[in-house]
Amino acid sequence: MTTSSGPFAGRTIDDLGRDLRAGRTTAEELTREALDAITRLDPVLNAFVSVDQDGALAAAREADAELAGGADRGPLHGLPVGVKDLLLVAGMPATMGSRHFEGYVPDTDAACVTRLREAGAVIVGKTTTQEFAYGPTGDCSANGASRNPWDPARMSGGSSGGSGAAVAAGLVPLAIGTDTGGSVRIPAALCGVAGLKPAYGAIPADGAFPLSPSLDHVGVLARTAGECFLAYRLLSGRDAVESGSVTPRVAWLDPSDLHPCDPEVVRVAAGAAGAKERVALPPGAAEAFMDVYVTIGGAEAAEVHAERVAEAPELFQPEVLDRLRGAMRVPGWKYVRATAERRRLAGVAEKLFEDHDVLALPTVPLTAPPLGLRETVLDGRPVGVRAALLALTSPWNVLGFPALSVPAGLAGGLPVGLQLVCRPGDEHLLAAAVPTT
C-alpha cells in the first residue's frame, strides 16, 4: 500500500486501549497523531472534508482527565474517530457532499454521534461522501473524489469512501459510515479493511441525511471484524457479539448468480471463505433483487430531493442529478409492486438459510476501478461499474440482513473483500464465521 503510513495502520483498538490505560500514551497524544497524519496524507487521499482540531483536542483532554479521575467509558474512550459527512455533528459543517448544503453547520448530533461521545470517542473530523450518498464509486462529490490508499488513481468506493480510505491509511482506527446498497462494505472491500452493515435499524439512523429511508443503514469500518463488532455493540446498545465456541454452518453463494465477476476475485474470496457447502439463487432472483433495489431506492431518493431538483438543479453533481431525474420517472404503481416483491424475496432468502447460518460471497465482483471509470469488462462481458459495485451487496439492504466485509487477500495487487451474511439475530454466528487467517 503506497500511502498507508498513518499511525493507526498497524494498531488495533485493543492495543490502543491498553497503551492508554497503562500510561504509555494519552488521548491527547493519539488525537495529535491522527491530526498530524491527516495533515500529511489527506491532500492525496481526500478522506476528510473537515477537521475539528480544537474540538478534538479539547475532547481528548477531557477524556484524559476522566481516566485520571477513574472514569472509564469503555474501549473507545479517548480514541480518535472519523464520521461520514452525511451524519450530523454539532458545530461541524455537514455538506452531504453537495453544494446544496454549503455553509450548513448543525447544532445537534446524529444519534450514533451522541453514542460515540457517550463512549468517550474523540471525533476528529467528517469524512468524504459521494453527493447525498447516491452512488457506490466515491468519486462524485462537491468535495472531490476520495482516493484509494492502495493506489490514489483508483476509487475508494462509495458512498462512505472517505471513511474507508481513512481507516485503510491509518488516519483513524475507526470510522462511521452509512450503507443503502453497499456504501460501507464496498469501500471496506476496495480499501482492504473490515466494514459492518448491521441489521436494519440496529444502529439508529436519526440525524443521518436520508437517501432511501427504508434501505438506509448506519455501519462501521475498522481494520478488523472484531473491532467492527465492538463498535456495533456500543452504537447499537445491544449485548456483545461473541463468537465463543460455536461453529456456524457457512455456505458459498455463487456470485455469478447475481452478476459477472472477475474470476481472480472469486478465487481469492472463495479461498478465504473455505466453505464446503454451496447454495444458489433460483432463476430470476438476481434480476428481482436489483429491480426492487433500484425501484425503491430511486423512488425514495426522488422524494427526498424533489424540491432541490426543481428549484436548484445546477447545484447537483451532473451524474447525481441525472440519476435523480431518472428516479423521478418511476411510477407509483411500480413502487407499490416493488414493496410487495420485497416481501416475496425475503422468503427466497429464508430458503437459502434453511440448512446454513451464514452465506459467503465476494463483497464486490472486481477490484478498485480507476477514478471516473463507468464501463468495464468482467469475465468477458461489458458491464456498468456502478451496477457491478452494487450487485453483490444491495440484496442484503433490500432484506435488512446483517452483512460484513472482511479482507480476503489480493488480486493483481489490490484488495479483495469477502462478504458474510446472516439473518437478524444471528450476528454471533456471523462473528464466528470470520476467517482466522
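Along each chain, residues carry numbers from 1 onward, in the same order as the chain's sequence is written. Only residues with pLDDT of 70 or above have their local features reported here, since the model is predicted, and side-chain atom pairs are shown and tallied only from 80 upward, although totals for entire chains, interfaces and linings are computed over all residues. For side-chain calculations, the full set of non-hydrogen atoms in the structure is used, while hydrogens and water are omitted.

A. The arrangement of the overall build of the protein in detail. On a plain count of helices and strands, the protein comes out with 14 helices and 15 strands. Both definitions apply: the radius of gyration is a C-alpha atom measure, and the globule rule equals 2.2 Å times residues to the power 0.38. By the compact-globule yardstick of 22 Å for 437 residues, the protein fits well, its C-alpha radius of gyration being 20 Å. C-alpha atoms of the protein, sized along the principal axes, occupy 60 × 55 × 40 Å. Classification of the 437 residues of the protein by burial places 59% in the buried group. For this analysis, residues touch if any pair of their heavy atoms sits within 4.5 Å. Across the protein, contacts joining residues at least 24 apart in sequence account for 76% of those joining residues at least 6 apart. Under the convention used here, a 1.4 Å probe and the Shrake-Rupley method define accessible areas, while residue burial counts only the protein chains that appear. On the protein, roughly 15,900 Å² of surface is accessible, and the fraction owed to carbon and sulfur atoms is 50%. Between the averaged position of the 38 positive side-chain charges in the protein and that of its 51 negative side-chain charges there is a distance of 3 Å. In DSSP terms, a helix is any run of H or I states spanning at least four residues, a strand is any run of E spanning at least two, and both are numbered starting from the N terminus. When a residue's accessible area, from a 1.4 Å probe over protein chains only, is under 20% of the maximum for its type it is buried; when over 50% it is exposed; and in between it is partly exposed. In this count, Lys and Arg are taken as positive residues and Asp and Glu as negative ones, while His and the chain termini are left out. Charge positions come from single atoms, namely NZ of Lys, CZ of Arg, CG of Asp or CD of Glu.

B. The arrangement of the environment of Ala34 in detail. Tracing the backbone through its elements, the reader meets Ala34 in helix H2 (residues 27-45). A relative accessible area of 0% places Ala34 in the buried class. Setting aside residues no more than four positions away along its own chain, Ala34 makes contact with Pro7, Phe8, Pro80, Val124 and Leu171.

C. Molecular detail of the nonpolar core. Note on terminology: a nonpolar core comprises buried Ala, Val, Leu, Ile, Met, Phe, Trp, Tyr and Cys residues joined through side-chain atoms within 4.5 Å. Counting residues in hydrophobic clusters, the biggest one holds 86 residues, and the most contacted among them are Leu76, Cys112, Val124, Leu171, Ile176 and Leu418. Sort the elements by how many residues they give to this core and H2 lands first, with eight residues. Ranked by size, the runner-up nonpolar core spans 43 residues in total, among them Leu253, Leu281, Val292 and Leu399.

D. Inspection of helix H3 (residues 53-68) at higher detail. A helix is expected to span 1.5 Å for every residue after the first. Between its first and last C-alpha, H3 extends 22 Å over 16 residues, near the 22 Å set by a 1.5 Å rise per residue. Of the residues making up H3, those classed as buried are Ala56, Leu57, Ala60, Ala63, Asp64 and Glu66. Among the structural elements, helix H1 (13-21), H2 and strand S3 (122-127) are those in contact with the buried residues of H3.

E. Here's a closer look at the sheet that holds strand S6 (residues 174-179). Should DSSP find at least two bridges between two strands, the strands are taken to pair. Spatially, S1-S3-S2-S6-S8-S7-S14-S15-S11-S9-S10 is the arrangement adopted by the 11 strands of the open sheet, whose pairing is mixed. On the outer flanks of this sheet lie strand S1 (48-51) and strand S10 (277-279), each paired with one strand and no other. Ignoring strand direction, the axes of neighbouring strands in this sheet form an average angle of 30°. The pairing of strand S14 (residues 403-411) with strand S15 (residues 414-421) spans eight bridges and is antiparallel. Across the sheet, Leu410 pairs through a bridge with Pro415, a residue of S15. Axis definition: a line fitted to C-alpha atoms, over the contacting stretch in the case of helices. Angles run 0 to 180 degrees between N-to-C directions. This element, helix H4 (residues 111-118), spans strand S2 (80-84), S3, S6 and strand S8 (217-222) of the sheet and lies at about 175° to S2.

F. The arrangement of the environment of Trp396 in detail. For Trp396, the position within the fold is in helix H13 (residues 394-399). The exposure class assigned to Trp396 is buried, which follows from its relative accessible area of 2%. Counting along the chain gives 25 residues from Trp396 to Val421, while the straight-line C-alpha distance between them is 7.7 Å. Ignoring any residue separated from it by four or fewer positions in sequence, one finds Trp396 in contact with Arg185, Lys197, Leu253, Leu359, Leu361, Phe401, Ala403, Gln419 and Val421.

G. Examining the packing of aromatic side chains more closely. Stacked, tilted and edge-to-face are the three classes assigned to paired rings of Phe, Tyr and Trp, where Trp is represented by its six-membered ring and a pair needs centres within 6.5 Å; plane angles under 30 degrees give stacked, over 60 edge-to-face, the rest tilted. Tallied over the full model, the rule gives six aromatic pairs. Centre to centre, the rings of Phe101 and Phe132 are 6.1 Å apart; their planes meet at 75°, and the pair counts as edge-to-face. Highlighted residues: Phe101 in the loop between S2 and H4 and Phe132 in the loop between S3 and strand S4 (147-148), separated in sequence by 31 residues. Each member of the pair Phe101 and Phe132 is classed as buried. When the ring of Phe132 is compared with that of Phe209, the centres are 5.3 Å apart and the planes differ by 35°; the resulting orientation is tilted. Here Phe132, found in the loop between S3 and S4, pairs with Phe209, found in the loop between strand S7 (194-197) and S8; they are 77 residues apart in sequence, far enough to count as distant. For Phe132, a relative accessible area of 1% puts it in the buried group.

H. Layout of the packing of H4 against helix H7 (residues 225-236). Interaxial distance between H4 and H7 falls to 9 Å at its minimum, and their mutual angle equals 105°. Relative to H7, the element H4 is oriented roughly perpendicular. Only Leu234, Leu235 and Ser236 of H7 make contact with H4, whose side of the interface consists of Cys112, Arg115 and Leu116. Of the residues contributing to the contact of H4 with H7, the split by class is four nonpolar, one polar and one charged. For this classification, under 35 degrees means roughly parallel, over 145 means roughly antiparallel, 65 to 115 means roughly perpendicular, and everything else is oblique. Under the scheme applied here, ten amino acids are nonpolar (Ala, Val, Leu, Ile, Met, Phe, Trp, Tyr, Cys and Pro), four are charged (Asp, Glu, Lys and Arg), and all others, including Gly, are polar.

I. Structural detail: the side chain of Asn46. Of note, Asn46 is situated in the loop between H2 and S1. Polar contact criterion, stated in full: a pair of N or O atoms within 3.5 Å, where within protein one must be able to donate a hydrogen and the other to accept it, and residues adjacent in sequence count only if both atoms are side-chain atoms. Only 2.9 Å separates the side chain of Asn46 from the backbone oxygen of Asn143, close enough to count as a polar contact. At 3.0 Å, the side chain of Asn46 and the backbone oxygen of Ala145 are in polar contact. With residues up to four places along the chain from it excluded, the contact list for Asn46 reads Thr128, Asn143, Gly144, Ala145 and Ser146.

J. Region of interest: helix H11 (residues 332-352). Relative to the 30 Å expected for 21 residues at 1.5 Å per residue, H11 spans 31 Å between its end C-alpha atoms, a close match to the ideal helical length. Of all the residues in H11, the buried ones are Ala338, Arg342, Leu345, Val348, Ala349 and Leu352. For H11, the angular spread of buried residues about the axis comes to 125°, placing them on one side. Residues of H11 that are exposed and angled more than 90 degrees away from the buried face: Trp333, Val336, Arg337, Arg343 and Lys351. For H11, the elements touching its buried residues are S10, helix H9 (285-311), strand S11 (358-362) and H13. Throughout, the arc means that of the directions going from the helix axis to the C-beta atoms.

K. Quick peek at the state of the cysteines. By convention in this document, the label disulfide applies to cysteine sulfur atom pairs within 2.5 Å. With the rule as written, the count across this model stands at zero disulfides. Left without a disulfide partner, Cys228 is nearest to the cysteine sulfur of Cys191, which lies 13 Å away. Counting only cysteine sulfurs, Cys228 is the nearest neighbor of Cys422, a cysteine outside any disulfide, at a range of 14 Å.

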